[in-house]
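Examination of the molecular architecture
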Amino acid sequence: EQCVLRSARRRQEADEAAAKEQEARRQAEKEERSKNTSEMEARTKLFEEEALEKQARLKAEEEDKIAKLSEDVEQCVLSFARRRQEADEAVAEEQKARREFEKNEALKKTVEMETLKKDLEEEAMEQARKVQQEMRVVQEQSSQLSQHSGRSGSSVEKALQQHLS
């Protein structure tokens, strides 16, 4: 009986020890799973933070590129506007110079015409003076002829016509 009791007690102790060992193993596995889960969560959180940082960095780089491109476009537009204005000013200057040249040419022609007119008037005046002088000479000759020869007026006219031709 004692032997059976001891055997039963040893069996019970062995069962309790096995149960304790199994419970300790389950607890260790549970802690191991909990530890693995915590590590996975930490890695996931770290990965998510790195992904957010990378996304923020990429977004900042993209915004910098957009800002740079916008600035480049603005500079191109300003440069084009400046060149356009310079071209317009050059065209205006050329038109002004052309108008000035045409005005000067017209003024030259006017001066030439005035000079030519004045020269013609002077020449006409000179011709008129010569004609008047010749008429005086002819009249003097005519009067001298009529005094000396006593001829009639018709012969004076003939002499005058002869002299003029």
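Reading the values: rules and limits
- Residues numbered from 1 in each chain as written.
- Predicted model: local features only at pLDDT ≥ 70, side-chain atom pairs only at ≥ 80, totals over all residues.
- Heavy atoms only, no water.
- Helix = DSSP H or I, 4+ residues; strand = E, 2+ residues; numbered from the N terminus.
- Buried < 20%, exposed > 50% of the residue type's maximum accessible area, 1.4 Å probe, protein only.
- Areas by Shrake-Rupley, 256 points an atom, 1.4 Å probe, with all protein chains shown as cover.
- Salt bridge = Lys/Arg side-chain N within 4 Å of Asp/Glu carboxyl O.
- Patch = residues over 30% accessible without salt bridge, like charges linked within 9 Å, V, L, I, M, F, W, Y side chains within 5 Å.
- Lys, Arg positive; Asp, Glu negative; His and termini not counted.
- Charge placed at Lys NZ, Arg CZ, Asp CG, Glu CD.
- Polar contact = N/O pair within 3.5 Å; in protein donor to acceptor, adjacent residues only side chain to side chain.

Structural notes on the overall build of the protein chain
Within the protein chain, the secondary structure is distributed over two helices and zero strands. With 165 residues in all, the protein chain has 2% of them scored as buried. Surface summary for the protein chain: the accessible area is close to 15500 Å², and the carbon and sulfur share equals 53%.

With respect to the pattern of salt bridges
For the coordinates displayed, the defined rule picks out seven salt bridges. With its nearest N and O atoms 2.9 Å apart, the salt bridge here joins Glu94 to Arg98. Residue Glu94 and its partner Arg98 are located together in helix H1 (residues 2–149), separated by four residues, close to a single helical turn. Judged by relative accessible area, Arg98 falls into the partly exposed class, the value being 42%.

A word on a nonpolar patch on the surface
A contiguous nonpolar patch, built from Met113, Leu116 and Leu120 and spanning about 310 Å² of accessible area, is present on the exposed surface. Turning to its location among the elements, Leu116 is positioned in helix H1. When its relative accessible area of 47% is taken as the criterion, Leu116 is described as partly exposed.

What about a negative patch on the surface?
Taken together, the side chains of Glu114, Asp119, Glu121, Glu122 and Glu123 define an acidic patch exposed on the protein surface. Turning to its location among the elements, Glu114 is positioned in helix H1.

A few points about the side chain of Ser79
With respect to the helices, strands and loops of the structure, Ser79 is situated in helix H1. In terms of polar contacts, Ser79 uses its side chain to reach the side chain of Arg83, at 2.8 Å.

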